[in-house]
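Structure at a glance
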Amino acid sequence: MKKILVIGACGQIGSELTPALRNVYGTDNVVAADCVYPLKGELAESGPSCKVDATNAQDIADAVKKYNIDAIYNLAAILSAKAEANPMLGWNVGVGAVLNCLEVSREMGCSLFTPSSIGAFGPDTPHDMTPQDTIQRPKTIYGVTKVTGELLSDYYFKRFGVDTRSVRFPGLISNVTLPGGGTTDYAVEIFYAAVKGEKFVCPIAKGTYMDMMYMPDALKAAIDLMEADPAKLIHRNSFNITAMSFEPEMIYNEIKKYIPDFQMEYKYDELRQNIADSWPNQMDDHCAREEWGFNPKYDLTSMTIDMIEVLKKKLNRQ
Ligand code: SER
């Protein structure tokens, strides 16, 4: 059975990917690692955990050796708006962690999953049906680190044979752990406001389309890609994947079907708006569908129903 190290296990993706991986591979075979240690709650109680600061290669190597790891999910990240506030931190985590994971993977024979993002594209990229292979000149430090991570990962595959795989995640909508400092975060925060009965102040302007995905589809994509037959992978770093594309008015109206009193006003945040404007409206993800069977289950309607139901329970608003 595969032995897996999840770096960034307490983050938005890690806090749900770790239990999903434990379901597939067995609790003892999935090690939850984070720079904040000790881990708390379910993640710590349901399987092994350790401290890994991804910007420290020795931490990663020690964990790989101690637990006999053969696959790493590197989820350490500083999201787009937060990275703009501290570009050096964005670079150190966005590139430093990837390079450390690549070197440890090369030396110790691990396969490696690293998320890329819609942020890997920029204003010069075609915004509609953004192709798999196209111009990538992002204007954010987050995007610069994502493109660098993609290039380094392909380099390590071609030069050293490291089994690197990656997806360009769209905005991820989830109900367990909040994202922090991203441009697409509004699409999560809007649900919390609606369920709490609060008015939502939207930082993204009306008419701004971005790709999005519900977390269960993102988790399945990460696991499926790492299980995919390598002979069928024409691409590796990274695959466009998307489940839906919407602008704020569309998600607001969808939520209002179930919470009719819900109110929203626009007060756009210049930094986030500029970033959003530079990203795709909708990516073309046919390569992921053809090469490894990517097929998301949730659209805006089914995600909204599930988000509201789960958050009502979580926030005691029945
Ligand atoms: N969700 C990320 C962000 O908004 C994009 O991948 O920064």
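Residues numbered from 1 in each chain as written. Predicted model: local features only at pLDDT ≥ 70, side-chain atom pairs only at ≥ 80, totals over all residues. Heavy atoms only, no water.

Structural notes on the site of the ligand
Inspection of the region around the ligand gives L79, S80, S117, Y142, G182, T183, T184 and W279 as its neighbouring residues. Here an oxygen atom of the ligand sits 2.6 Å away from a polar atom, N or O, in the side chain of S80. Here an oxygen atom of the ligand sits 3.0 Å away from a polar atom, N or O, in the side chain of Y142. When isolated, the ligand has an accessible area of 230 Å², and the protein chains bury 93% of it. Most atoms of the ligand, that is more than half of them, are within 2 Å of grid points of the largest pocket. For the shell around the ligand, the class distribution of residues is three nonpolar, five polar and no charged. (Near = heavy atom within 4 Å. Polar contact = N/O pair within 3.5 Å; in protein donor to acceptor, adjacent residues only side chain to side chain. Areas by Shrake-Rupley, 256 points an atom, 1.4 Å probe, with all protein chains shown as cover. 1 Å grid on protein atoms, 1.4 Å probe; cavity = no way out; pocket = protein on both sides within 12 Å on 5 of 7 lines; lining within 4 Å. Sits in = over half its atoms within 2 Å of the grid points. Nonpolar A, V, L, I, M, F, W, Y, C, P; charged D, E, K, R; others polar.)

Topic: the nonpolar core
With 41 residues, the main nonpolar core has I173, Y186, F191, F246 and M303 as its most contacted residues. Elements with a minimum of two residues in this core: α6 (141–160), α7 (186–196), β11 (200–202), β12 (210–214), β14 (244–246), α9 (248–256), α10 (270–278) and α12 (300–314). Take this core: its biggest share by element is nine residues, from α7. In this structure, M303 is in contact with I173, F191, Y214, M244, F246 and Y298, ignoring residues within four places of it in sequence. Y73, A218, L225 and M226 belong to the second-largest nonpolar core, a separate cluster that totals 36 residues. (Core = buried A, V, L, I, M, F, W, Y, C linked by side-chain atoms within 4.5 Å. Buried < 20%, exposed > 50% of the residue type's maximum accessible area, 1.4 Å probe, protein only. Helix = DSSP H or I, 4+ residues; strand = E, 2+ residues; numbered from the N terminus. Contact = heavy atoms within 4.5 Å.)

Description of empty space enclosed by the protein
By the definition in use, this model includes three cavities of 30 Å³ or more. Of the volumes computed, that of the largest cavity is approximately 130 Å³. What lines the largest cavity is a set of 19 residues, and nearest its centre among them are G94, V98, T114, P115 and K146. By residue number, the principal contributor to the lining of the largest cavity is α6, which donates five residues. Counted by class, the lining of the largest cavity contains seven nonpolar, 10 polar and two charged residues. Considering only enclosed or pocket space, the second largest cavity measures out at about 70 Å³ in volume. In terms of lining residues, the second largest cavity is bounded by D217, K220, A221, D224, W292, G293, F294, N295 and P296. In terms of residue count, helix α8 (residues 215–227) provides more of the lining of the second largest cavity than any other element does, four residues in total. Here the residues of the lining of the second largest cavity sort into four nonpolar, two polar and three charged. (Points joined across faces, edges and corners; volume = space filled by probe spheres on them.)

Some words on α6
Residue pairs three or four apart in sequence face the same way in an α-helix, which turns once every 3.6 residues. Here α6 is 20 residues long and its end C-alpha atoms lie 27 Å apart, about the 28 Å a rise of 1.5 Å per residue gives. All of the buried residues along α6 are I141, Y142, G143, T145, K146, V147, T148, G149, E150, L152, S153 and Y156. Its buried side turned inward, α6 meets α4 (80–85), α5 (87–108), β6 (116–117), β8 (164–165) and β9 (167–169). Positive backbone phi, approximately 75°, marks G161, located one or two places after α6. (Expected span 1.5 Å × (residues − 1).)

Topic: the environment of G161
Mapped onto the elements of the fold, G161 is located in the loop between α6 and β8. The exposure class assigned to G161 is exposed, which follows from its relative accessible area of 52%. Sequence separation of G161 and A228 is 67 residues, and the distance between their C-alpha atoms is 16 Å.

As for the environment of N56
You can see N56 is positioned in the loop between β3 (49–51) and α3 (57–67). Sequence separation between N56 and C101 is 45 residues; the distance between their C-alpha atoms is 9.6 Å.

Points about the sheet that holds strand β10 (residues 171–173)
Overall, mixed pairing links the three strands, which are arranged β10-β12-β14 in an open sheet. The outermost strands of the open sheet, each flanked by one partner alone, are β10 and β14. In this sheet, neighbouring strand axes are inclined to one another by 40° on average, regardless of whether the strands run parallel or antiparallel. Where β10 and β12 come together, three bridges link them in parallel fashion. Looking at β12, one finds that G171 is bridged to M212. (Pairing = 2+ DSSP bridges. Axes fitted to C-alpha atoms, helices over the stretch in contact; angles between N-to-C directions.)

Brief notes about the pairing of strand β1 (residues 4–7)
Residues I4 and V6 line one face of β1 and the alternating positions L5 and I7 line the opposite face, and both faces are buried. Looking at chain direction, β1 and strand β2 (residues 30–34) are connected through four bridges and run parallel. Among the inter-strand pairings, V6 is bridged to a residue of β2, identified as A32. Once you follow β1 into helix α1 (residues 14–25) and on to β2, the crossover reads as right-handed. With four bridges joining them, β1 and strand β4 (residues 71–74) adopt parallel strand pairing. Opposite L5, over in β4, you have I72 as the bridge partner. (Right-handed = clockwise from strand over helix to strand, strands pointing away.)

In short, geometric facts, not functional conclusions.
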